[in-house]
Amino acid sequence: MAVIHKIGRRKTAVARIYLSEGSGSITVNKRELKDYFTTATLQYKVKQALSLTGNEENFDVKVNVYGGGITGQAEAVRMAIARAICEVDAENRAVVKPEGLLTRDPRMVERKKFGQKKARKRFQFSKR
């Protein structure tokens, strides 16, 4: 099997993953998964597509991720892994798609408007 390269995005985070056959190690920005994503929730999100299809021990994943916050990065990695798993075997798509792992989340930060403090918040109004 050749190395599969896929991209996942969430908010402003972009994750590029390289999936190859191996023992199940996940490396994020040249660091171990547990060192980069310290909380159990984020580690679960990253491994979700692999565990749903039962491939946790079958593939090595190398990840380059940048932009956004830690949660957005974890969800970007999750999407990229889900896309790669679908390319490995088309039958995996039926498992991963109902969980919503292949859907790009369109929610982004709303822009700040001029004459206001933030996107929706106004400056304090004084009647007198």
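Our subject in this report is the structure included herewith. (Residues numbered from 1 in each chain as written. Predicted model: local features only at pLDDT ≥ 70, side-chain atom pairs only at ≥ 80, totals over all residues. Heavy atoms only, no water.)

**What to know about the packing of aromatic side chains**
Thought 1: Tallied over the entire structure, the rule returns 1 aromatic pair.
Thought 2: Between Y36 and F37 the ring centres are 5.0 Å apart and the planes differ by 85 degrees, which places this aromatic pair in the edge-to-face class. In this structure, Y36 and F37 share a single accessibility class: buried. (Phe/Tyr/Trp six-rings, centres within 6.5 Å; stacked < 30°, edge-to-face > 60°. Buried < 20%, exposed > 50% of the residue type's maximum accessible area, 1.4 Å probe, protein only.)

**Section: the pairing of strand 5 (residues 59-66)**
Thought 1: Covered by surrounding structure in strand 5 are F59, V61, V63 and V65 only, the residues D60, K62, N64 and Y66 on the alternate face being uncovered.
Thought 2: Bridge count between strand 2 (residues 13-21) and strand 5: 8 bridges; the pairing is antiparallel. If you follow A15 over to strand 5, its bridge partner there is V65.
Thought 3: Pairing between strand 3 (residues 26-28) and strand 5: 3 bridges, direction parallel. Its bridge partner being in strand 5, V28 is matched across the sheet by V63. (Helix = DSSP H or I, 4+ residues; strand = E, 2+ residues; numbered from the N terminus. Pairing = 2+ DSSP bridges.)

**Details of the nonpolar core**
Thought 1: One finds I17, V28, F37, V46, V61, V77 and I81 to be the most contacted residues of the largest nonpolar core, which totals 30 residues.
Thought 2: Of all the secondary structure elements, the ones that give two or more residues to this core are strand 2, strand 3, helix 1 (33-36), helix 2 (40-53), strand 5 and helix 3 (70-88).
Thought 3: At 9 residues, helix 3 tops the list of elements feeding residues into this core.
Thought 4: The contacts of F37, once residues within four sequence positions are left out, are V28, L42, Q43, V46, I70, Q73, A74 and V77. (Core = buried A, V, L, I, M, F, W, Y, C linked by side-chain atoms within 4.5 Å. Contact = heavy atoms within 4.5 Å.)

**Examining helix 2**
Thought 1: End to end, helix 2 covers 20 Å across 14 residues, agreeing with the expected 20 Å (1.5 Å per residue, within 8%).
Thought 2: Along helix 2, the largest kink reaches about 55 degrees and is centred on K47.
Thought 3: Where the residues of helix 2 are buried, they touch strand 3, helix 1, strand 5, helix 3 and helix 4 (93-96).
Thought 4: Phi turns positive one or two residues past the end of helix 2, at G54, with a value near 75 degrees. (Expected span 1.5 Å × (residues − 1). Bend = angle between axes of the 7 residues up to and from the residue.)

**Digging into the pattern of salt bridges**
Thought 1: In total, this model carries 7 salt bridges according to the counting rule given.
Thought 2: Across the pair E87 and K6 runs a salt bridge whose closest N-O atoms are separated by 2.7 Å. Placement of E87 in helix 3 and of K6 in strand 1 (residues 4-10) is noted, with a sequence separation of 81 residues between them.
Thought 3: Here E87 falls in the partly exposed class, since its relative accessible area comes to 47%.
Thought 4: Residue classification places K6 among the partly exposed residues on the basis of a relative accessible area of 23%.
Thought 5: One salt bridge in this structure joins E75 and K45, with 2.7 Å as the shortest N-O distance. Within this pair, whereas E75 is found in helix 3, its partner K45 is found in helix 2, the two being separated by 30 residues in sequence.
Thought 6: K45 sits in the buried class, given a relative accessible area of 18%.
Thought 7: Three or more residues are tied together by salt bridges with common partners; here these are R10, K45, E75, D105 and R107. (Salt bridge = Lys/Arg side-chain N within 4 Å of Asp/Glu carboxyl O.)

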